[in-house]
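Chain by chain, the residues:
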Amino acid sequence: MKLLNIGNRCFKQFRFQRQRFASTSVHYKPGDIIHDYQVKQVEDVPEFSMTAVLLHHKVTGSEHLHLARDDKNNVFNVSLRTTPMNSTGVAHVLEHVALCGSERFPVRDPFFKMLDRSMSTFMNAMTGSDYTMYPFSTQNQSDFRNLMSVYLDSVFFPRIKKLDFLQEGWRLEHEKNDDKTSPIVFKGVVFNEMKGVMADPSYLYGTTLLSKLLPDHTYGVCSGGDPAHIPNLTWEDLKQFHASHYHPSNARFITYGDMKLDDHLQIINDKVMKKFTIIDPGTAVPLQPKWDQPRSHIMHCAPNEMAANPDKQTTYSKSYLLHEVSDIFETFSASVISTLLIDGPTSPFYRNLIESGIGSDYSPMTGYHSHQKEATFSVGLQGIRDGDVTKVDQLIQDTFMEAVKNGFSKERIEAILHRVELQYKHQSSRFGLGLTFSLMPVWQHDTDPVNSLKMEEIVKKFRQKIDSEEKFLQKKCEEYFVNNKHHLNLIMTPDPGYKVSLEKSEEEQLQSMLGKLSEEDKSQVYKEGLELSNVQQQVEDISCLPTLHVDDIPRKQQNYGLIVQRINNSLPLITCSQPTNGVSYFNAVLPVNGLNEDLKMFLPLFCDVFTQMGTHLTDYASFSQREDLFTGGLSASVTSSCCHNDPMTSETSVRLSSHCLERNLEQMFQLWTELFNEVNLNDATRLQTLIRQRAQELANGVAFSGHMFAMASAAMNLAPSAGYSEKFGGLTQVNLMKTVADSNDIDDVIMKLNQIASYMLRINEHDVPRFALHATPSALSPTMTSLEKFVDNIKHADVGGNSQNEFITQHKATYCEQDETDFRSRVKWNHFKDSIPKSTRTLHQLPLPVNFASMCIPTYAPYSHTDNPTLRILGRLMSTKFLHKHIREMGGAYGGGAKQGEDGIFRFYSYRDPNNVKTIEAFHGGVKWVQDGGFTQQEIDEAKLAVFQSVDSPVSPCHRGLNVFHSAVYDVTRQLHGERLLDVTKEQIVEASDKYLNKPESTSVVIIGPPDDVITSSQDWDVKVTS
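Residues numbered from 1 in each chain as written. Predicted model: local features only at pLDDT ≥ 70, side-chain atom pairs only at ≥ 80, totals over all residues. Heavy atoms only, no water.

**Side note on the overall build of the protein**
- If you tally the helices and strands in the protein, you get 35 helices and 34 strands.
- A compact globule built from 1027 residues should have a C-alpha radius of gyration of about 31 Å, and the protein, at 28 Å, falls within 12% of that.
- Taken over the C-alpha atoms alone, the protein extends approximately 80 × 75 × 65 Å along its principal axes.
- Across the 1027 residues of the protein, 63% fall into the buried class.
- Partitioning the contacts of the protein with sequence separation of at least 6, the portion at a separation of at least 24 is 82%.
- For the protein, the computed accessible surface area is about 38200 Å², with 48% contributed by carbon and sulfur atoms. (Helix = DSSP H or I, 4+ residues; strand = E, 2+ residues; numbered from the N terminus. Rg over C-alpha atoms; globule rule 2.2 N^0.38 Å. Buried < 20%, exposed > 50% of the residue type's maximum accessible area, 1.4 Å probe, protein only. Contact = heavy atoms within 4.5 Å. Areas by Shrake-Rupley, 256 points an atom, 1.4 Å probe, with all protein chains shown as cover.)

Shown next as structure tokens:
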């Protein structure tokens, strides 16, 4: 379950794909009656090869949008307009509790249990600022019916039991629930989740911005719940909110894909609609009364210990209330203007704010947002000095005036419209889901969902408008920003006492509540704690839940037509002819194993700036403009992975990717050629701007994705590739970038980046680059011709000295031989296994209100090892049948689990966890539970179904066959792995647990979280304090 972030950048909602028309479109016409639904509208949407059917339920008034399309990954989504008027998190808690059992499925947590009884490609529930949605997707028709029956009953007929409210929402409970003498504390999944969420300054800023800009109705409160207000929520409040909001008259449905609409409507009508009559839910959101003067607000947050400069942690922005989102053309026009203003180095705000050096990056929520009743636009800077607020405010005002005066170049407008065209032609494996996520929030506010899909008509109208009306965009800028009095000036400053103040307030609130309890009340708290614990530990009969079976999983893996060949008889090339809708895709892997270790630390920075620095022929702003005009962007990333049959090997490489319309192939490869031969990494001013942005992004990420950092840190010493992965994206990289960003002298950094370029952008003897192309059959040949021209221009290496890797020169690592089937450039680490530490325990101490815990164990069983499939099933089985109960239900964490990696490392983790050492004990308890064999064949089969959700997940045309390209995992290896997964037995699981997880040779534990006296006083722990 997920708490939705507030708003999205404008063009994310237009990332669509195109395929051939769905045949179901011919069956319906306006006026038809289908299972008490009346067809209101039937229209083809040719840009997406889709037919939209809009229906109205005659009895309840509920609306249903069906998007018929030749796509096997079918989607269901039901959304309710939820408009809380306080910050108790009632909508968010209800989203959780609704999935804790219903009339037809009276079991605890049917949602989580269905995760293991399904082949879904997506299952979740989400709370936004004024809506709650329940989406899923699957490729299996029986699975679709099963999931829809559970979702419908959960949403409209939940039990909403008090114990579920106490578990998921909040409760008073003894710290040790079986010890009446232990202190009474706050507990609850949502309570702990929101403590973690509110520790993220970006979320805190965003939710405050919305509440202050639209203060007079539901947007004026925190829909997710403020931990200071969540304890004011009662069980009765929750039941009342469901009764008033979870009604078909307040619901909208979307179904998508190639399954029959008639079947969907019959199930929805029979299971839900026939049991209701129409009501007026009274949930419509009124327009925010407009201000006649701007307003200002000052807020505080905890200092970011990971920030580069402790004196530059203030955030400032100006935010504007715009038009109603129901105006489709106005929404599109405003989104284009937003992109023109803020996106990329050619935009005026980028030039005037980002490149000013005053701050590190745009403020949170910068951009255009249309997921509310009325759209908003925000722009500002984070990472500024407190005294620079006035300067930033003036820069923002001056930039708006500049835009009104000068307008925007035709070339820049064309680049953005080209981006729109490319985005709706680009094919995604989750197209239907993305479509429902974009439509639902605006449909809630009476936007025409069908007309909002007609992108070609919208773009055509926009072109006509800017051609026929002089200064159309400038006039809009003046209307939206210069003359708009309804705007908010929001300042956020760090307060060293912020965390202590929150803790003090929580303790005062707790003591106030305890002071009002009688002895009988306290006795009831103790009894409820024991009762909840007993219920959580009960073994349930879940036979009422529908399920797929292992026999429903196809034994044969999906294969794709790949051709492996050589360019100029030397460099490996994979080509794949696919229905890519007129878009050609380019991927490259540039191995850098031979680069020395000091330079490798800077590979993430190199990848981040490589395509953003411009060249000796073209400045970075002009180069960016060409990217937007001819491609979907050029990207570079660094990765390290082991061979699928040897965890003591690694291939460290830079991956390049881009895509373009077929007509722009030549221009796309010209851009890559210019970068390879003429990249300019010497512009110190530009580089410092990008460094500040990267350091800020990394620092902000720890509070949001702490479990990923914990797992990376725990695994870093257990396999070579895991060590590199942590250096490239873990706390090591965060601290490196903090140091680099805090330095005024970056000459050494510039030298290192140029050394990396000298090595990477050449053809090396051992580190041989390889390429992959995906295109339509007619475009594959010209795509190959363009690639060959590009390869002919790559220079050959003549590198020595400081770029040579000392491990290779010292023979600690040696290159593996390549052959025709495994063309990767791998190195074998000769003595790495001998250096793995026996046992380590580390606390990375940060001022967070919750913990992120991980325990990693090396199994040396990578992807193609015979035991890897068994360990994958074991991990899933342990996660859902033991760890979920002990870490989430009983422990109060937002989530936790265990998984076997392709690198041969078994990883445990927890997320937004109130516990630390107790969770590590739960990890060990999970191992013992598996060893004791207290699980059934049915539960093993459920774990197999869950694992195959990812194994058999849909793959977009542009990604098909990349497993061969990146990892040399051919179809025969994938097939064998899949068969082993299906054939895993209980005996194998118990044996694997005993062999790999019981008393392992090495165990690595990492916790990222607040100070802890028990850990600090223990000699078994290494405590690292970030300062």
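Next comes the rest of the write-up.
**With respect to the environment of V638**
- Within the fold, V638 resides in strand 22 (residues 635-643).
- Judged by its relative accessible area of 18%, V638 is buried.
- A C-alpha to C-alpha distance of 6.1 Å links V638 and R655, two positions 17 residues apart in sequence.
- Those residues in contact with V638 that lie beyond four places of it in its chain are L603, P604, C607, S653, V654 and F728.

**Some words on the packing of aromatic side chains**
- By the definition in use, this model includes 43 aromatic pairs.
- Of the aromatic side chains, those joined through ring pairs into one cluster are F76, F111, F112, F136, F144, Y151, F156, F157, F253 and F276.
- Geometry around Y620 places R686 over its ring, the cationic atom sitting 4.1 Å from the centre. (Phe/Tyr/Trp six-rings, centres within 6.5 Å; stacked < 30°, edge-to-face > 60°. Lys NZ or Arg CZ within 6 Å of the ring centre and 35° of its normal.)

**Structural notes on the pairing of strand 22**
- Sheet analysis places strand 22 next to strand 23 (residues 646-661), joined by eight bridges and oriented antiparallel. In the strand pairing of strand 23, A636 is matched with L656.
- Counting the residues in the hairpin turn of strand 22 and strand 23 gives two residues. (Pairing = 2+ DSSP bridges.)

**Brief notes about the side chain of S956**
- By the secondary structure assignment, S956 is in the loop between helix 31 (937-951) and helix 32 (962-967).
- With residues up to four places along the chain from it excluded, the contact list for S956 reads Q427, S428 and S429.

**Here we look at the pattern of salt bridges**
- All chains considered together, the criterion is met by 45 salt bridges.
- Put simply, E355 and R686 hold a salt bridge, and the shortest N to O gap is 3.7 Å. In this pair, E355 is assigned in the loop between helix 10 (348-352) and strand 15 (361-362) and R686 in helix 22 (residues 684-704), connecting sequence segments 331 residues apart.
- Residue classification places E355 among the partly exposed residues on the basis of a relative accessible area of 24%.
- Classification of R686 by relative accessible area gives buried; the value is 3%.
- For the salt bridge of R555 with D983, the shortest nitrogen-to-oxygen distance reads 3.3 Å. Note that R555 is positioned in the loop between helix 17 (519-537) and strand 19 (562-567) and D983 in the loop between helix 33 (971-982) and helix 34 (986-997), a separation of 428 residues in sequence.
- Its relative accessible area of 42% is what places R555 among the partly exposed residues.
- Under the relative-accessibility criterion, D983 is labelled partly exposed at 43%. (Salt bridge = Lys/Arg side-chain N within 4 Å of Asp/Glu carboxyl O.)

**Description of the sheet that holds strand 34 (residues 1022-1025)**
- Read from one edge to the other, the open sheet built from six strands follows the order 31-32-30-33-29-34, with strand pairing classed as mixed. With one partner strand each, in any of the chains shown, strand 31 (895-900) and strand 34 form the two edges of the open sheet. For this sheet, the mean inter-axis angle between neighbouring strands, taken without regard to orientation, is 15°.
- Pairing geometry for strand 30 (residues 852-858) and strand 32 (residues 905-911), over five bridges, is antiparallel. From the neighbouring strand, P858 faces strand 32, where its bridge partner is I905.
- Across the sheet, helix 23 (residues 706-715) lies against strand 29 (839-845), strand 30, strand 31, strand 32 and strand 33 (1003-1009), angled at about 30° from strand 30, the strand it touches most. (Axes fitted to C-alpha atoms, helices over the stretch in contact; angles between N-to-C directions.)

**A look at the environment of S87**
- Its location among the elements puts S87 in the loop between strand 6 (74-81) and helix 1 (90-97).
- For S87, a relative accessible area of 15% translates into the label buried.
- With sequence-adjacent residues up to four places away left out, S87 is seen in contact with V221, C222, G225, D226, H229 and I230.
- Among the polar contacts listed, one links the side chain of S87 to the backbone nitrogen of C222, at a separation of 3.0 Å. (Polar contact = N/O pair within 3.5 Å; in protein donor to acceptor, adjacent residues only side chain to side chain.)

**Thoughts on the packing of helix 19 (residues 603-610) against helix 26 (residues 747-760)**
- Packing of helix 19 against helix 26 brings their axes to within 10 Å, and their N-to-C directions diverge by 80°. In terms of orientation, helix 19 lies roughly perpendicular with respect to helix 26. Judged by residue contacts, L603, L605, F606 and V609 of helix 19 engage V749, L753, I756, A757 and M760 from helix 26.
- Of the residues belonging to the contact of helix 19 with helix 26, the class tally is nine nonpolar, no polar and no charged. (Parallel < 35°, antiparallel > 145°, perpendicular 65-115°, else oblique. Nonpolar A, V, L, I, M, F, W, Y, C, P; charged D, E, K, R; others polar.)

**Quick word on helix 9 (residues 328-342)**
- Spanning 15 residues, helix 9 covers 21 Å between terminal C-alpha atoms, matching the ideal 21 Å at 1.5 Å per step.
- Most of helix 9 is tucked away, with 15 of its 15 residues classed as buried.
- Where helix 9 begins, the side chain of D327 points an oxygen toward the backbone nitrogen of F329, at a separation of 3.4 Å.
- After helix 9 finishes, the residue G344 shows a positive phi value of roughly 85°. (Expected span 1.5 Å × (residues − 1).)

**Thoughts on unusual backbone geometry**
- Here the phi dihedral of D36 falls at roughly 70°; this positive angle occurs in a residue that is not glycine.
- Topologically, D36 is positioned in the loop between strand 2 (33-34) and strand 3 (37-45).
- Note on D36: relative accessible area 32%, which makes it partly exposed.
- Here I160, not a glycine, exhibits a phi torsion of approximately 50°, which is positive.

**Remarks on the confidence of the model for the protein**
- Predicted confidence across the protein gives a mean pLDDT of 92, with 96% of residues reaching 70 or more.
- Note that pLDDT drops below 50 for residues 1-26; the model gives that stretch 115 contacts with residues more than four away or on any other chain. (pLDDT = per-residue confidence, 0-100.)

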